[in-house]
Amino acid sequence: MHLDLTERRAAGAGLRAALEDALREAVQDGRLAPGTRLPSSRALGEDLGIARNTVVEAYGQLTAEGWLSSRQGSGTTVARRAVPVRGGRAQGGSTRTGPVRGGRAAPAPVRPTVRHDLMSGRPDLSLFPRTAWLAAARRALATAPHEALGYGGPLGRIELREALTHYLARVRGVRTDPDHLLVCNGFQQGFGLLCTALRERGARALAVEGYGLPPQHAVARAAGLSPVPLPLDSDGALVDRLDARCGAVLLTPAHQYPTGAPLSADRRAAAVRWAREQDRYVIEDDYDGEFRYDRQPLGAMQALDPERVVYAGTAAKSLAPGLRLAWLALPDALVEPVARLKALTDTMSPVLDQLTLAELITSGTYDRHVRRCRLHYRRRRDRLVAALAEHAPQVEVTGIAAGLHAVLQLPPGSTPEAELLARAEAAGLALGSLGWHRVDPTVAEDAAPALVIGYGTPPEHAFPAALAALCEVLRTA
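Just so it is clear, the structure is predicted and the values come from calculations on it, not from any experiment.

### A word on the side chain of Glu 290
At step 1: Within the fold, Glu 290 resides in the loop between strand S10 (281-285) and strand S11 (309-314).
At step 2: Buried charged residue Glu 290 carries no salt bridge. Nearest counter-charge: Arg 374, at 6.8 Å.
At step 3: Within the local environment of Glu 290, its side chain forms a polar contact with the side chain of Tyr 366, the two groups lying 3.5 Å apart.

Written as structure tokens, this is what we have:
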């Protein structure tokens, strides 16, 4: 659950009072809809890094005030009362189910001879909850109406859009409703639809972060948009370099890919201000926002202005990229053009997987799965950091407060990136370089080599050997 206590603590509020205020506000503005089941006191305490008793006391106070409801054996839920929603968007059922008129790719294919896969962009596929998925699929199919199996609208099944509306509000702070959510076949498709819609509106260029995913830049070019790189520093993209040439800017504000830097609050506000003043859009790629470890969770940038920020989420990291399930929370002006383009592309996304994911979310199974994955990946990260500290102490590990990958910065004068990659390939080790992610290949090489390591990729049994191979490659780099 996304609750930001930082500002309230800075203003002098006690921890319990800050938590009560944050929960009360989330109920008032509709991010926590009536009937929403809240995490257990132990789980929320672990999420926020506070004592369980503090959560118990806050829940008790808000129950006494009538904001929450608690029954023995049923947990704590938001009281069923009418709640006004800020911004004019109702959190609730949708009536738009018919046609509307009018992952993110892996960096490179792994060669068959690879024994150890540390490429970024993929999760540990052995964690996929096969049993839970099958059970959810059975329940979803048993209860689905007959019409669900026919041709549907391009926005996607209402069951999933309603489930995502409440989930994203609760976990990422996204402000949307089912009529503004579009389900697509992976981030790549959704991004392509957005680029084409922007091109139809007259855009000719797209601002992007100076380091990113070349396949995404290729999608933008294919839609007729020229990528314009923005420099990066420890606070993310330098959004003060944005200008009117660009019809939108693509950002990864929660965890910049691949450097790992979060976009600072000032720059988030500046990017939204630019979009308002120039009649432009921000595309927020929240590719791994659910996986954060050493810091308070960063809410979605979209909440700053749902009419100027397109939120893009995906199940590729939390479940599996092979599901091809992603979603866009669209501003009102973009719903019709993007849905129309989706209908022209493939009419609709596969229904059964949408119904299954909706069942996983509404049953609470998805939350439990994400918690297990978060713990798993945090342990992986800690093992990577410890192994490098012992066997390659000259390497600086950065970008590890969140996500499933790390950047390994080598000292100036170390072995060049190309040679390191060749050495890794000879050892049967697949990994990526920071230089591959550079938007403008004509820019001079960085002063020091850097590697991008996907520590979440190997299955658990293969991780120790992959880590040992990496340390051996770096030992004399």
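Picking up after the structure, the text goes on.
### A look at the sheet that holds strand S17 (residues 450-453)
At step 1: If you trace the four strands from one edge of the open sheet to the other, you get S13-S14-S17-S16, paired in antiparallel fashion. The open sheet has two edge strands, strand S13 (396-398) and strand S16 (432-433), and neither has a second partner.
At step 2: Across two bridges, the pairing between S16 and S17 is antiparallel. Counted as the bridge partner of Gly 432 is Val 452 from S17.

### Topic: the sheet that holds strand S6 (residues 226-230)
At step 1: Ordered by their spatial adjacency, seven strands build an open sheet running S4-S12-S11-S10-S9-S5-S6, and the pairing between neighbours is mixed. The sheet is open, and its two edges are formed by strand S4 (181-184) and S6, each paired on a single side. Between one strand axis and the next, the sheet turns through 20° on average, direction left out of account.
At step 2: In the sheet, S10 pairs with S11 via four bridges, with the strands oriented parallel. Following the sheet pairing, Glu 284 is matched in S11 by Tyr 311.
At step 3: Taken strand by strand, helix H6 (residues 158-172) contacts S4, S11 and strand S12 (326-329), and its axis lies near 105° from that of S4.
At step 4: Packing against the sheet, helix H7 (residues 187-200) makes contact with S4, strand S5 (205-209), strand S9 (248-251), S10, S11 and S12, and its axis sits at approximately 175° to S10.

### A word on the pairing of S10
At step 1: Most of S10 sits inside the fold, with five of its five residues counted as buried.
At step 2: Every second residue of S10 is oriented toward a common face, with Tyr 281, Ile 283 and Asp 285 on one face and Val 282 and Glu 284 on the other, all of them buried.
At step 3: As paired elements, S9 and S10 share four bridges and run parallel to each other. The residue of S10 that forms the bridge with Leu 251 is Glu 284.
At step 4: On the question of chirality, the crossover connecting S9 to the parallel S10 by way of helix H9 (residues 265-278) is right-handed.

### Topic: the packing of H7 against helix H8 (residues 214-222)
At step 1: For the pair H7 and H8, interaxial distance at closest approach is 9 Å and the crossing angle is 35°. In the packing of H7 onto H8, the handedness of the crossing is right-handed. In this structure, H7 uses Phe 187, Gln 188, Phe 191, Gly 192 and Cys 195 to contact H8, whose residues at the interface are Pro 215, Gln 216, Val 219 and Ala 220.
At step 2: In terms of residue class, the contact of H7 with H8 is made up of six nonpolar, three polar and no charged.

### Some thoughts on helix H14 (residues 463-475)
At step 1: Across its 13 residues, H14 extends 18 Å between first and last C-alpha, which sits within 8% of the 18 Å expected from 1.5 Å per residue.
At step 2: Buried within H14 we find Phe 463, Ala 466, Leu 467, Ala 469, Leu 470, Cys 471, Val 473 and Leu 474.
At step 3: Considering only its buried residues, H14 is in contact with strand S3 (116-117), helix H12 (365-391), strand S14 (406-409), helix H13 (417-426), strand S15 (429-430) and S17.

### Observations regarding the environment of Gly 153
At step 1: Within the secondary structure, Gly 153 is located in the loop between helix H5 (130-143) and H6.
At step 2: With 186 residues separating them in the primary sequence, Gly 153 and Ala 339 have C-alpha atoms 8.5 Å apart.

### Points about the confidence of the model for the protein chain
At step 1: Summing up the model confidence of the protein chain, the mean pLDDT is 89 and the portion of residues at 70 or higher is 91%.
At step 2: Scored below 50 in pLDDT, residues 82-112 shows 91 contacts in the model against residues more than four places distant or in partner chains.

### Things to note about a nonpolar patch on the surface
At step 1: Nonpolar side chains collect at one region of the surface, where Leu 141, Leu 149 and Leu 352 lie side by side and expose about 290 Å² of accessible area between them.
At step 2: Within the element layout of this structure, Leu 352 appears in helix H11 (residues 351-363).

The rules behind the values
- Sequence order sets the numbering: in each chain, residues are counted from 1 along the sequence as written.
- At least 70 in pLDDT is required for a residue's local features to be given in this predicted model, at least 80 for side-chain atom pairs to be given and counted, and no such filter applies to totals for whole chains, interfaces and linings, which use all residues.
- Hydrogens and water molecules were not included; the side-chain quantities draw on all heavy atoms of the structure.
- Per the convention used, a helix needs a DSSP run of H or I reaching at least four residues, while a strand needs a run of E reaching at least two, with both numbered from the N terminus.
- Under the scheme applied here, a residue whose accessible area is under 20% of the maximum for its type counts as buried, over 50% as exposed, and between as partly exposed, the area being computed with a 1.4 Å probe on protein chains only.
- Charged residues are defined here as Lys and Arg on the positive side and Asp and Glu on the negative side; His and the ends of the chain fall outside this count.
- What counts as a salt bridge is simple: a side-chain nitrogen of Lys or Arg found within 4 Å of a carboxyl oxygen of Asp or Glu.
- Whenever two N or O atoms come within 3.5 Å, that pair is a polar contact, provided that in protein one can donate a hydrogen and the other can accept it, and provided that, for residues adjacent in sequence, both atoms are side-chain atoms.
- We call two strands paired when DSSP finds no fewer than two bridges between them.
- Only the contacting stretch of a helix is used when fitting its axis, a line to C-alpha atoms as for every element, and angles between N-to-C directions run 0 to 180 degrees.
- In what follows, residue pairs with any heavy atoms lying within 4.5 Å of each other are defined as contacts.
- Clockwise travel from the first strand over the helix to the second, with the strands pointing away from the viewer, marks a crossover as right-handed.
- Each crossing gets its hand from how the near helix is turned against the far one by less than a right angle, where anticlockwise is left-handed and clockwise is right-handed.
- Gly falls in the polar group here, along with every residue not listed as nonpolar (Ala, Val, Leu, Ile, Met, Phe, Trp, Tyr, Cys, Pro) or charged (Asp, Glu, Lys, Arg).
- By definition here, a helix of n residues has an expected span of 1.5 Å times n minus one.
- pLDDT is a per-residue confidence score from the predictor, ranging from 0 to 100.
- Patch rule: a residue counts if its relative accessible area is over 30% and it has no salt bridge; like charges are joined within 9 Å, and nonpolar side chains (Val, Leu, Ile, Met, Phe, Trp, Tyr) within 5 Å.
- All accessibility values rest on the Shrake-Rupley procedure with a 1.4 Å probe; residue burial counts only the protein chains present in the view.

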